[in-house]
Amino acid sequence: AYVFIVVFLLLTGGFYTNGFFLAGVADMRDFFGTLPLYLLFFIPALTMRLWAEDQRIGTFELLMTLPMRPVSIVLGKYFASLAFYCIALAGTLTIPLSLVWIGDPDLGAIFCGYVGSVLLGGLFLAVGIFISGLFKDQIAAFILALLTCAFFVLAGTQFFVAILDGRIAGLGSFLNQAFAVSTHFEGIQRGVLGTADILFFVSFSAIFLTLN
């Protein structure tokens, strides 16, 4: 766990700090803009063993015989991983504290950016936990979770939309409107907590947890 947090903070904070001093602008748009790319790898790494390990070593049957409903076990694993992710994300709070010290950042936009980051991480965690339940092999769970999360990210890119629309008219645009996390995440990180954006993340998270 501590390796995950250290690497996460080094990459997110290190690359942002380098760009921040080059740009000289007291905001965190670059940080939140690149965060989905880091989460593509870190979230599947965090979730790949949550069910797969239980199935591999035979503790899944024991877990299912405990006097708890399956929904309680699923939510227990989900909220435990979400709490750990929030702890890792809290380690980046040194960035806004530094911005307040040296400049005059838009604290409302930064707050919304962190809310969006929690919602985005929550969605990816729900996807990763669901996929972990399909495999005994952690690597297989990691790869499929990475590809699934990448689909949610790529669906918001014009390159992806143009390619699919060129093959099947309207398919890329439909996937962009229905599944693209970037559209909703960018709206939140600009400082607007829209109901539609929040419902997008919450509803998809609920869907994958229900499937789990």
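Since the structure is predicted, the reported quantities are computational estimates derived from the model, not experimental observations. (Residues numbered from 1 in each chain as written. Predicted model: local features only at pLDDT ≥ 70, side-chain atom pairs only at ≥ 80, totals over all residues. Heavy atoms only, no water.)

Student: Which residues make up the nonpolar core, and what values do they have?
Tutor: Membership of the largest hydrophobic core comes to 52 residues, with the highest contact counts inside it found for Met-28, Tyr-85, Leu-123, Phe-124 and Phe-201. Contributing elements (two or more residues each) for this core: helix H1 (2-23), helix H2 (29-47), helix H5 (70-90), helix H6 (94-102), helix H7 (107-132), helix H8 (138-154), helix H11 (181-189) and helix H12 (195-211). In terms of residue count, the dominant contributor to this core is H7 (13 residues). Residues in contact with Phe-201, not counting those within four places in the same chain, are Leu-119, Leu-120, Leu-123, Val-181, His-184, Phe-185 and Ile-188. Counting 5 residues, the second-largest nonpolar core is a separate cluster that includes Phe-160, Leu-164, Leu-175 and Ala-180. (Core = buried A, V, L, I, M, F, W, Y, C linked by side-chain atoms within 4.5 Å. Buried < 20%, exposed > 50% of the residue type's maximum accessible area, 1.4 Å probe, protein only. Helix = DSSP H or I, 4+ residues; strand = E, 2+ residues; numbered from the N terminus. Contact = heavy atoms within 4.5 Å.)

Student: Explain the packing of aromatic side chains to me, using residue names and the numbers behind them.
Tutor: Tallying each qualifying case throughout the model produces 19 aromatic pairs. Relative to Phe-32, the ring of Phe-31 has its centre 5.2 Å away and its plane inclined at 80 degrees; by these criteria the two rings are edge-to-face. For the pair Phe-31 and Phe-32, one class covers both residues: buried. Seen in terms of ring centroids, Phe-152 and Phe-204 are 5.5 Å apart; in terms of plane orientation they differ by 80 degrees. Their pairing is edge-to-face. Here Phe-152, found in helix H8, pairs with Phe-204, found in helix H12; they are 52 residues apart in sequence, far enough to count as distant. Each member of the pair, Phe-152 as well as Phe-204, carries the same accessibility label: buried. One aromatic cluster in this structure is built from Phe-130, Phe-151, Phe-152, Phe-160, Phe-179, Phe-200, Phe-201, Phe-204 and Phe-208. The lysine or arginine in question, Lys-77, covers the ring of Trp-51, its NZ or CZ lying 4.8 Å from the ring centre. (Phe/Tyr/Trp six-rings, centres within 6.5 Å; stacked < 30°, edge-to-face > 60°. Lys NZ or Arg CZ within 6 Å of the ring centre and 35° of its normal.)

Student: So what's going on with helix H10 (residues 171-179)? Residues and values would help.
Tutor: The set of residues buried in H10 consists of Gly-172, Leu-175 and Asn-176. All buried residues of H10 fall inside an arc of 105 degrees around its axis, so they share one side. In this fold, the buried residues of H10 make contact with H8, helix H9 (158-167) and H11. (Arc of directions from axis to C-beta.)

Student: Tell me about the environment of Gly-194, and name the residues and values.
Tutor: Examined against the element boundaries, Gly-194 turns out to sit in the loop between H11 and H12. For Gly-194, a relative accessible area of 19% corresponds to the buried category. As a C-alpha pair, Gly-194 and Cys-149 span 45 residues in sequence and 22 Å in three-dimensional space.

Student: Summarise a nonpolar patch on the surface; cite the residues concerned and give the values.
Tutor: Side chains of Leu-134, Ile-139, Ile-143, Leu-144 and Leu-147 sit close together on the surface and give an oily, nonpolar patch of about 450 Å² of accessible area. Of note, Leu-134 is situated in the loop between H7 and H8. (Patch = residues over 30% accessible without salt bridge, like charges linked within 9 Å, V, L, I, M, F, W, Y side chains within 5 Å. Areas by Shrake-Rupley, 256 points an atom, 1.4 Å probe, with all protein chains shown as cover. Salt bridge = Lys/Arg side-chain N within 4 Å of Asp/Glu carboxyl O.)

Student: If you had to explain the environment of Phe-124 to someone new, which residues and values would you point to?
Tutor: Mapped onto the fold, Phe-124 is located in helix H7. Phe-124 has contacts with Pro-36, Leu-39, Leu-40, Ile-43, Cys-149, Phe-152 and Val-153, leaving out every residue within four places of it along the chain.

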